[in-house]
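Read off the chains here:
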Amino acid sequence: MIQKIGDKLADRIRVGYLAAFLLLLLSYVLTFFSTRKLIEQARLANHTSEVIHNLDIIIAHLARAESDFRGYLVTNSTYLLDDYRRSHNQADSGLANAKILTFENSDQQKFLDTLSNLMNMKFGWMEKNLASFKLTSEVSDPLVIDIIREITTMTRLEDYIHMIQANERASLDQRSERITSYSNTIKIINIFSIFLAIIFTVYSILTFNKENKAKLEADQQSSEYQAQLARRFDELAALNSELIELRNIEKFAVTGRISRTIAHEVRNPLTNINLAVEHLRSEVDVSEDTSMLFEMITRNTTRINELISNLLNSTRTTELQFTKASINEVLDKSLEFAQDRIELNQIKVVKEYDADICGILVNEEKISIAFLNIIVNAIEAMEPGGTLSITTENVKNRCVVKITDNGKGMSRADVGRLFEPYFTTKEKGHGLGLTNTQNIILSHNASIAAESEPGVGTSFIISFDYRGGNANS
């Protein structure tokens, strides 16, 4: 359910932001093309202004050339003649620039060609009269008349140039209108896209808030459900631990009953065998061979009897006297008993004791033996140079001791049989040490469990109730 709500929320947010992105992208594309058109029109407008400016330059230099021409005729000043030459050249240069600027406009090119002819006629007339003046150094009456008549030519030139400028100004007006149009279009596109982007953004935010609220509620329900599952899991784990502990106790009790039955059934025949051997010794002539046979029978019956006694001792529930002691100090005493083995095998001991752990009711002698058995087994399971870790801590108002080695470890099947009488993974072990250890732990109303992994190591976890055993303290 939470996954569906999250997917729904993500889809709606994606739709909102995708729509806003597409609108902004479309706005960008339209703005890009409109801006290009705007730049193009601005370039053309600048081009038109430049053409008009060049035409103004032509008029100015034509007027300046004509003025210098007249001044030279009156004053015969070479300065005015040089200025006339410069104005002539600059007028021609301005016309050439105007042709270059309007090379794409065939109509303007025709107008400029006509203008060029008129200018050539104008300057041709002035050059002819300058040559005549240089020969005579006199201004004749016919020349004065021609000068007066040429005023109309100049006026015609100016009118023609003004006509060309008028055409350019008309084009400039059109381009200015286009610039304004494109500029307005860009503004409209930007305003519209911003407006729509705001709408979709608000939609996305509202959708997110709405769906996020639903998601938070679903998350809260999920958290409550997970917490409930965790509580149930802890309860099941606790029940499972209690069940395993009860099975171990039941298994130990059954083992004790079987041991007592076996002891009863075996000891009676052993007694009869011993009586028969003693009777035979008194009735039969004892030779060296028969004496050896009698000794063999007696020795083996004694060994069988010792094995039965050890089995009974390891499975018999005994009443113990308890005193309050620090579990940390009891562990240190057990380590002292194993110090020779620890030094011989160069074992590194790592202790992580809880300094604030409370004292518990134990029989120090018996519990030290139990700890010592576990420590010795751990040392024997490790190669020289191994690490033995011992920790104590308060877990849920129980005193928990954990003894861990980094030895060869055991399989799950071996761990399941670990506390059975006569079960051992050691070549020379008799298989009653851990059975006796379990008996001592259970006598303290405590529990013992083992965890192991082949190639990693084994851990023994002993858990004590702070209220201690059921005997007198």
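Residues numbered from 1 in each chain as written. Predicted model: local features only at pLDDT ≥ 70, side-chain atom pairs only at ≥ 80, totals over all residues. Heavy atoms only, no water.

In this section: the pairing of strand 4 (residues 387-395). As defined by bridge partners, strand 2 (residues 348-352) adjoins strand 4 across five bridges and the pair is classed as parallel. Bridged to Lys348 within strand 4 is Thr387. Note: strand 4 against strand 5 (residues 398-405), eight bridges, orientation antiparallel. Residue pairing for strand 5: Asn394 is matched across the bridge by Cys399. Counted between consecutive antiparallel strands, the loop separating strand 4 from strand 5 contains two residues, among which Lys396 sits at a positive phi close to 55 degrees. (Pairing = 2+ DSSP bridges. Helix = DSSP H or I, 4+ residues; strand = E, 2+ residues; numbered from the N terminus.)

A few words now on the nonpolar core. If you look at the biggest cluster of nonpolar residues, it comprises 37 residues, and the most contacted ones within it are Phe371, Leu388, Ile403, Phe460, Ile462 and Phe464. At seven residues, the largest contribution of residues to this core is made by helix 8 (residues 364-381). Once you skip the residues sitting within four places of it in the chain, Ile462 turns out to touch Phe371, Ile374, Cys399, Val400, Val401, Ile441, Ser447 and Ile448. With 31 residues, the next largest nonpolar core counts Ile59, Ala65, Tyr72 and Met119 among its residues. (Core = buried A, V, L, I, M, F, W, Y, C linked by side-chain atoms within 4.5 Å. Buried < 20%, exposed > 50% of the residue type's maximum accessible area, 1.4 Å probe, protein only. Contact = heavy atoms within 4.5 Å.)

Attention now goes to unusual backbone geometry. As a rule of thumb, non-glycine residues mostly have phi less than zero, and peptide bonds are mostly trans rather than cis. Of note in this structure, Gln346 is not a glycine but carries a positive phi near 55 degrees. With respect to the secondary-structure elements, Gln346 resides in the loop between helix 7 (339-344) and strand 2. Relative accessible area serves as the criterion here: at 60%, Gln346 is assigned to the exposed category. Look at Asn445: it is not a glycine, yet its phi comes out positive at around 55 degrees. Within the secondary structure layout, Asn445 lies in the loop between helix 10 (433-443) and strand 6 (447-453).

The description of two helices packed together rests on the angle between their axes and the distance between the axes. Put simply, helix 2 (residues 78-101) and helix 3 (residues 106-136) touch, their axes get as near as 11 Å, and they point 165 degrees apart. When the interaxial angle is binned, helix 2 and helix 3 end up roughly antiparallel. Crossing geometry of helix 2 relative to helix 3 is assigned as left-handed. Here Leu81, Tyr84, Arg85, His88, Ala91, Asp92, Leu95, Ala98 and Lys99 of helix 2 come into contact with helix 3, specifically with Gln109, Leu112, Asp113, Leu115, Ser116, Met119, Phe123, Met126, Glu127, Leu130 and Lys134. (Axes fitted to C-alpha atoms, helices over the stretch in contact; angles between N-to-C directions. Parallel < 35°, antiparallel > 145°, perpendicular 65-115°, else oblique. Left-handed = near helix turned anticlockwise from the far one by under 90°.)

Our next topic: the environment of Glu329. If you trace the backbone, Glu329 turns up in helix 6 (residues 327-337). Classification of Glu329 as exposed rests on a relative accessible area of 51%. C-alpha separation for the pair Glu329 and Gly359, spaced 30 residues apart in sequence, amounts to 9.9 Å.

Attention now moves to the sheet that holds strand 6. Sheet architecture is open: five strands sit in the order 2-4-5-7-6, paired in mixed fashion. Because the sheet does not close on itself, it has two edges, and the strands there are strand 2 and strand 6. Strand after strand, the sheet turns through a mean of 15 degrees between neighbouring axes, direction not considered. Two strands pair when backbone bridges link them, and strand 6 and strand 7 (residues 457-465) are joined in this way by seven bridges, in the antiparallel orientation. When the sheet's bridge partners are listed, Glu451 is paired in strand 7 with Ser459. Across the sheet, helix 6 touches strand 2, strand 4, strand 5 and strand 7, and the angle it forms with strand 4 is around 165 degrees. Lying over the sheet, helix 8 contacts strand 4, strand 5, strand 6 and strand 7, oriented at roughly 25 degrees with respect to strand 5.

Across eight bridges, strand 5 lies against strand 7 in antiparallel orientation. Along strand 7, the bridge assignment pairs Val401 with Ile462.

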